[in-house]
Amino acid sequence: MTEQQIRKRARGIDRAFDILDHLRDVKTSQRPAEIAQALGAPTSTVYDLIGTLVDHGMLETTDANGSVFLGRRVYFLGLAYRDYFDLTRQAASVLDEITASTKETSQFCMLDGEKYTVALQREGSRPFRISADVGERTAIPWTASGRLLLGHLSDQEIRDLIPAEDFILPDGRQMDFGAYIAEIRRAHDERFFSFDSIVDTFTHCFAAPVYNQSGICSATLCIVAPKDDARKNYDLYKNVLQTAGDKLSKTV
């Protein structure tokens, strides 16, 4: 295989992952032409890649118009990941303990490329629902965890990782990069970060790190609580999260 063929195949693999990520983000089936338009990719290329992905069970056709969505093979690959990486199994029981002791919604969160995502969640025992869509990709700077998960990176690496548009807050304000970096460094030193949610005006978010064997924060444990309860129980929630984070870090 020539070097040009290798580069062409690599670009094709990248585009195939773009298709999978796009369908995950939109959470609905789409026609190949719609996917090509959303990705800004040649329609013929997208049609060819979708055919290959369907043949391999990574995508499934959902209607007579040729619309496709993620296939069952993606689900089974996810199950294999969960079974292999013990951290996610351990995290489920830790979240149960956090929610049992605080009555608040708890989450296990990770980075997904240049975005943040809630991987697991336990809802608190409240008459109204405080939760996030598990698996939804969110701008890293909008989250409490986004101050901990980047603590091992340099300022330039952080700037290179996060798309410029992710520093624009939901209300249209531009986030100050220097202030964000300062929060990351403080959170890294204190092994904790909390703030009033950027995306939900009624809640306060707490986050504590889960470290891998290299001492890098590879995940976070979080509590999402109404602001009044967060103020009244601040020390309790912080202690519960940090204790749980230390416990989970020892299992990695």
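Quick summary incoming for the structure in this document. (Residues numbered from 1 in each chain as written. Predicted model: local features only at pLDDT ≥ 70, side-chain atom pairs only at ≥ 80, totals over all residues. Heavy atoms only, no water.)

1. Describing helix α3 (residues 43–55)
In an α-helix, one turn spans 3.6 residues; hence positions three or four apart end up facing the same way. What counts is decided by this rule: Put simply, DSSP H or I for four residues or longer makes a helix, DSSP E for two residues or longer makes a strand, and each gets a number counted from the N terminus. A helix's residues, less one, multiplied by 1.5 Å, set its expected span.
When the terminal C-alpha atoms of α3 are compared, their 18 Å separation across 13 residues agrees well with the 18 Å that a helix rising 1.5 Å per residue should span. Positive phi appears at Gly57, one or two residues downstream of α3, with a value of about 80 degrees.

2. Here's the deal with the sheet that holds strand β5 (residues 137–139)
Using the following cut-off: Between any two strands, at least two bridges found by DSSP are needed for them to pair. Angles here are taken between N-to-C directions and fall from 0 to 180 degrees, while the axes themselves are lines fitted to C-alpha atoms, restricted in helices to the stretch in contact.
Strand order in this open sheet of six strands is β5-β4-β3-β8-β7-β6, and the pairing throughout is antiparallel. Each edge of the open sheet carries a strand with a single partner, namely β5 and β6 (193–196). In this sheet, adjacent strand axes meet at a mean angle of 30 degrees when their direction is disregarded. As paired strands, strand β4 (residues 115–122) and β5 are joined by three bridges and run antiparallel to one another.

3. With respect to the environment of Arg186
To be explicit about the condition: Relative accessible area decides the class of each residue, using a 1.4 Å probe on protein chains only: under 20% of the type maximum gives buried, over 50% gives exposed, and in between gives partly exposed.
By the element assignment, Arg186 lies in helix α7 (residues 177–190). Look at Arg186 and you get partly exposed, because its relative accessible area is 41%. In the structure, Arg186 is positioned 39 residues away from Arg147 in sequence and 8.5 Å away in space, judged by C-alpha atoms.

4. Observations regarding the layout of surface pockets
The condition that has to hold: Every definition here rests on a 1 Å grid over the protein atoms only: cavities are sets of points where a 1.4 Å probe fits but cannot get out, pockets are open sets enclosed by protein on both sides within 12 Å along at least five of seven lines, and lining residues have some atom within 4 Å of a point. Grid points are joined across faces, edges and corners, and a volume is the space filled by probe spheres set on the points. Residues were grouped as follows: Ala, Val, Leu, Ile, Met, Phe, Trp, Tyr, Cys and Pro as nonpolar; Asp, Glu, Lys and Arg as charged; and all remaining residues, including Gly, as polar.
Reported here for the largest pocket is a volume of approximately 1000 Å³. Arg24, Val74, Gly78, Tyr81 and Gly135 are, among the 26 residues lining the largest pocket, the residues nearest its centre. Of all the secondary-structure elements, those providing two or more residues to the lining of the largest pocket are α1 (3–26), β2 (68–70), α4 (72–84), α5 (86–102), β3 (105–112) and β4. Partitioned by chemical class, the residues of the lining of the largest pocket number 17 nonpolar, four polar and five charged.

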